[in-house]
Amino acid sequence: MSLNQVLVFLLLGLGSGGLIAGIGMGVVLSYRGAGVINISVGAIAMLAGFCYWALRTGDFGITFAAPWAVTLTLIFAIVLGLFFEGFCVRPLRRASPLAKLVATLGFLLSAQAAVILAFGESARPQPAILPGGTVLLFGGAVQINRFWIFGILLAITLLFAGIFRWTKFGLGTRAAAENEANATLFGLSPNRLSLVNTVAMSLTMGIVGLLAASIQSVDSQTLPLMVVPALAAAMFGSFTSFGITFVAGLLIGMAESLLTYFETFSWFPTSGGPGNPIPGVQELMIFVILVIAMLFRASRIPGRGDIIDRRLPAAPRPKAPMKGAIRWGALAAFAIWALPYGFREGLIYSLIATISLFSLVVITGYVGQLSVVQISLGGVAGFTVSHLFTNFGIAFPWAGIIGVIFAIVIGVISGFPALRVRGVGLVVVTLAATDAIQNFGFGNTTWGAGNTGAAVPSPSIFGFNFGSNATFHGLGGGEPSPLFGWFTLLLTIIIGLLICNLRRSGLGQEMLAVRANERAAAATGINVRNVKLIGFAIASGIAGVSGVLLAYSYGSITADSYGTLVALNFIAFGYIIGITTVPGAVQAAVGVPGGLFAFALLDWFGLQGNWLSFVGGFLLVLTLIHRPGGVALDIFYGPPKKPFKERPLGRMIFRPSPVLANGAAGADVTEGTTAGVSS
Amino acid sequence: MAESILEIEKMSAGYDQADVVREVSINVNAGEVVALFGPNGAGKTTTLRVISGIIKPSGGQVRYHGQDLTKLSPTKRARAGIAHVPEGRGIFFGLTVAEHIRLGYRGEVIEPEVVYEYFPALRELRDRAAGLLSGGEQQMLAVARNLARRPKLLLIDELSLGLAPVLVERLLPVVRQYALDSQCGVLLVEQHVALAVEIADRCYVLSHGDIVLHDSGAALKADPDLVVASYMGQRALPDEAEATA
């Protein structure tokens, strides 16, 4: 290893670092200007990138010269910004920060699905817009475009920093961010400020999308997921500082580049034989960076004093759960036997997804913590089952039980950050954790699936095989076997009844108290820490069961079976139907991609699962606007008699600004007072 | 008679379909300081919020310079010259004093000199973030910033909240002076009745959503029992009157 080489790789990192910094800028603009923790900024950059690619290569029928294509792409970015503001931001300006974040998740899913539907999954080599060529520095060739990216984004950073510091517009945005109501009294128009900032964000993302063309090809994953390191960078800047976000983004990119260099050395840990550096180290590093950023900066993220409705979706007491379980259970048991194999497979996947969503009902619906990591915990259990068999010969039921215990252990550990970090902060951390577990954990050949897949033995007891490949095929014929379906159904019903009971038990009441207000709960003598950790343990155990069942149903699992996208889709569908109740979870699970509804769409109309994601993303935003609690709550309260009306301003106004200048005394009060989903 | 700036006629308003103030009529003239008293929950703050447009009245009319305000958004009302200093001061803790004075909508002309003329103490605090100011300084800034807008109608909610009476004694005369200088109408919601009657031309007492007393400041100053009695919901308290006699 030579110093010169290290320096060259650091310089190469300016490229991806610049992109991370640019996306981080979008995160900051969205937060300061519109009060949204926007996880779809990378997706907007991706859309712009594809737009440019299509214009340059004539995918739309006409091939444009570079200057025209650039202009049209930037106009497209502005239009996207206007749409984003009108669809995701404006209607939800009074919603809780978490609802706003979930809305951007809807946009992200729709954008990704749209790109896959329009252009396919393969990466497109983009025509570069930056000059090519290299310079010789420190004895290595460094592409000039790295310096261009750095320079252009530095200029944008300085521009925004200046605007926010010195112009009336910037001052107005800062004032409105701190207290929207008071800004209105000063004659400012928060709506207009939000619109301009969103368009500025979208335009910046357009530029990032164009610049990305020069160092990577466009696909539906890379840029959208770059929001994870960008969130880490923005976290260092407390979601407010353009300068710190830029520097942090740059450093993260450089560190990633340096890791790429280290991977070439023999001392770098390998997985699956020499020459195969261990995967996912970059994602792991970003997760660690994010945790560090959280520890040092989280209390300094200014809460917004805007006029928001902090109420959570209701989690009503279950009504006659046994009746529902018998009625729907009998129907499902019959369907498992009678349906043709494709539908049966969809139904079994939906049942497994139901258990996954049950885990979200406990942790989000009851305890009020939105954790993305639940699906990964299922993966932990699934991979444990696989490796217990291949490495130690342990099979059902012990493998499954150990897998679930393992998921509980990891789940409780993952719950510890939630003792300090709440609401949107927890979403960001667990999102990074999911990404890290998928790449570092599941992508690893030693304890994950590597690139191929990990085999899982069929479950059997006393030599009686009831796995999906069992010989009994039922009326519908073909695999998976109804025996496995019935087994899954049985577990689903048991867990469903248990959570219904949990909601009615004393512990359930304590969970709801913690969800509503942690301080008030503590004041009434509830041990908030224990309730949260027990909640995480229960939820993780349930997620583990679903992961084990998924592993058994496939017979072989890959890193993607429990990936970030699956997790985000589950959360999206859970939110659409209702994440606080058992019937909500069941209905949502029917709808998830891969489930029964998705198969019906494919079989009857030939529609791919991406159509479901595409529509699902939009439905998610519409649900958040019109039925903030999810449509399943109608079962309990009946359909709303009047169309949903925004709460009047006066009721929610004049909440004193939650943070003092520069994180002075009082800053730690920020979100603790209104814990849980609302913060 | 001075020009009428604000006329509220039989206005009712409240939250979630429940009226907090009922058929209240108040008027404020140019250059006049009008005080609004009342016990907790009487509807004082609600009245101010209706005027600045944050909540919509359920009945009656609010006229500003003779023009019906119903259709104007809070932003437009502010731009038309209605300044509202809300409870909690309505300033931005992350912005410095100087930034507050630069803050404004597009095309707004703010006169920094007005601020420093009425509150010279703020000159030295120019570069300090508002969150780091003391309560009194923050209140000064809130009033000063709204004076700098040259409003035609100034609404002040609980100037004295969280402040020592000594400070209130200093702030209120500034408001009085400003109203005289600029012919701005001032509607002042206040708990410190004794301090407010000193500077108010006229006073209203609001109790349970109704105006129960309307008199000149001088009259109330001369007979403090009037206000006390109206707070209790009676015209007079016989035994107390006898006791003091």
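Keep in mind that what you see is a predicted model, and the values were worked out from it rather than measured. Every chain's residues receive numbers from 1 upward, in the order its sequence appears when written. In the order they appear in the text, chains get letters beginning with A and ligands get numbers beginning with 1. Only residues with pLDDT of at least 70 are given local features in this predicted model, and only at 80 or more are side-chain atom pairs given and counted; all residues enter the totals for whole chains, interfaces and linings. Calculated side-chain values reflect all of the structure's heavy atoms, with hydrogen atoms and water omitted.

S.K.: In this structure, what is going on with the sheet that holds strand E6 (residues 82-85) of chain B? I would like to understand it.
M.R.: The pairing of strands in a sheet happens through backbone hydrogen bonds and is either parallel or antiparallel. Residues and elements named next belong to chain B. Between any two strands, at least two bridges found by DSSP are needed for them to pair. Secondary structure follows DSSP: runs of H or I at least 4 residues long count as helices, runs of E at least 2 residues long count as strands, and numbering of each begins at the N terminus. Ordered by their spatial adjacency, 6 strands build an open sheet running E6-E7-E8-E3-E9-E10, and the pairing between neighbours is mixed. Each edge of the open sheet is held by one strand with a lone partner, namely E6 and strand E10 (210-216). For this sheet the average axis-to-axis angle between neighbouring strands, irrespective of direction, equals 15°. Note: strand E3 (residues 33-37) against strand E8 (residues 185-189), 4 bridges, orientation parallel. Counted as the bridge partner of Ala 35 is Leu 188 from E8. We call two residues contacting when some pair of their heavy atoms lies within 4.5 Å. Axis definition: a line fitted to C-alpha atoms, limited for helices to the stretch in contact. Angles are taken between N-to-C directions and run from 0 to 180 degrees. Its contacts with the sheet put helix H6 (residues 135-148) on E6 and strand E7 (153-157), and the angle it makes with E6 is roughly 175°. Sheet strands touched by helix H7 (residues 165-182): E3, E7 and E8. Its angle to E8, the strand with the most contacts, is close to 155°.

S.K.: Help me understand the nonpolar core, please; the structure alone is not making it clear to me.
M.R.: Most often, soluble globular proteins keep nonpolar side chains buried together rather than apart. Here, nonpolar core means buried Ala, Val, Leu, Ile, Met, Phe, Trp, Tyr and Cys residues that are tied together by side-chain atoms lying within 4.5 Å of each other. Residue exposure (1.4 Å probe, protein chains only): buried if accessible area is under 20% of the type maximum, exposed if over 50%, otherwise partly exposed. Counting residues in hydrophobic clusters, the biggest one holds 172 residues, and the most contacted among them are Ile23(A), Leu231(A) and Tyr575(A). Of all the elements, helix H1 (residues 3-34) of chain A adds the most residues to this core, at 14 residues. Counting 52 residues, the second-largest nonpolar core is a separate cluster that includes Tyr118(B), Ala144(B), Val186(B) and Val197(B).

S.K.: Sorry, what's going on with unusual backbone geometry here?
M.R.: Leaving glycine aside, a negative phi is the common case for residues, and trans is the common case for peptide bonds. Residue and element names in this part refer to chain B. In the Ramachandran plot, His 65 falls in the positive-phi region, its phi being about 55° despite a non-glycine side chain. With respect to the helices and strands, the residue His 65 is situated in the loop between strand E4 (59-64) and strand E5 (67-68). Residue classification places His 65 among the partly exposed positions, given a relative accessible area of 35%. Of note, Arg 150 is a non-glycine position whose phi angle comes to about 55°, a positive value. By the element assignment, Arg 150 lies in the loop between H6 and E7.

S.K.: For this particular structure, what's the right way to read the domain arrangement of chain A?
M.R.: How big an interface is tends to be stated in terms of accessible area lost as the parts join. All names here are of chain A. Segmentation into domains, and thus their bounds, comes from an automatic or database assignment. Each assigned domain of chain A is listed with its residue range as follows: domain 1 (3-262) and domain 2 (321-605). Of note, the centres of domain 1 and domain 2, computed from C-alpha atoms alone, are 34 Å apart. Opposite the 15 residues of domain 1 that make contact, domain 2 presents 14 residues. Across the domain 1 to domain 2 interface the summed buried area is about 1,300 Å²; carbon plus sulfur atoms make up 89%. Any carboxyl oxygen of Asp or Glu that lies within 4 Å of a side-chain nitrogen of Lys or Arg is treated as forming a salt bridge with it. For the pair domain 1 and domain 2, the interface holds 0 salt bridges. For the purposes of these results, a polar contact is taken to be a pair of N or O atoms within 3.5 Å, where, inside protein, one atom must be able to donate a hydrogen and its partner to accept one; residues adjacent in sequence count only when each atom of the pair is a side-chain atom. Run the count over domain 1 and domain 2 and you get 0 residue pairs in polar contact (both at pLDDT 80 or more). Those elements that provide at least two residues to the side of domain 1 that touches domain 2 are helix H4 (97-119) and helix H10 (227-236). Take the accessible area each of two parts loses on contact, using a 1.4 Å probe, and add the two losses: that sum is the buried area.

S.K.: Even after reading the chapter, I still don't get the interface of chain B and chain A, so can you show me in this structure?
M.R.: Contacts between the two partners involve 33 residues from chain B and, on the opposite side, 29 residues from chain A. Remark: the boundary between chain B and chain A carries 1 salt bridge. Residues Glu99(B) and Arg174(A) are paired through a salt bridge, measuring 3.1 Å at the closest nitrogen-oxygen approach. Between the two partners, chain B and chain A, sit 9 residue pairs in polar contact (both at pLDDT 80 or more). Only helix H1 (44-52), helix H2 (74-79), helix H3 (97-102) and H6 of chain B provide two or more residues apiece to the side of chain B that touches chain A. No other element matches the 4 residues that H2(B) contributes to the side of chain B that touches chain A.

S.K.: Quick question: what am I supposed to make of helix H8 (residues 190-212) of chain A here?
M.R.: An α-helical segment advances 3.6 residues per turn. Residues three or four places apart therefore align on the same side. The span you would expect from a helix comes to 1.5 Å times its residue count less one. Spanning 23 residues, H8(A) covers 32 Å between terminal C-alpha atoms, matching the ideal 33 Å at 1.5 Å per step. The element H8(A) is extensively covered by neighbouring structure, given that 17 of its 23 residues are classed as buried.

S.K.: I keep staring at the pattern of salt bridges and nothing clicks. Help me out?
M.R.: Where charged atoms from two side chains of opposite charge approach closely, those side chains can pair. All names here are of chain B. Under the counting rule described, the total for this entry stands at 13 salt bridges over all chains. Between Glu 7 and Arg 63 there is a salt bridge, and its shortest N-O distance comes to 3.6 Å. With Glu 7 in strand E1 (residues 4-15) and Arg 63 in strand E4, this residue pair connects regions lying 56 residues apart in the sequence. With a shortest N-O distance of 3.2 Å, Glu 111 and Arg 150 are connected by a salt bridge. With a gap of 39 residues between them, Glu 111 in the loop between H3 and helix H4 (112-118) and Arg 150 in the loop between H6 and E7 connect regions that are remote in the sequence. Residue Glu 111 is classed as partly exposed on the basis of its relative accessible area, which comes to 30%.

S.K.: Got a minute to help me understand the confidence of the model for chain A in this structure?
M.R.: For residues with low pLDDT, the predicted coordinates do not support detailed interpretation. Note: pLDDT gives the predictor's confidence per residue, expressed from 0 to 100. In the predicted model, chain A carries a mean pLDDT of 84, and 91% of its residues have values of at least 70. Contacts for the low-pLDDT stretch residues 650-679 of chain A, under 50 throughout, to residues beyond four places or in other chains number 90 contacts.

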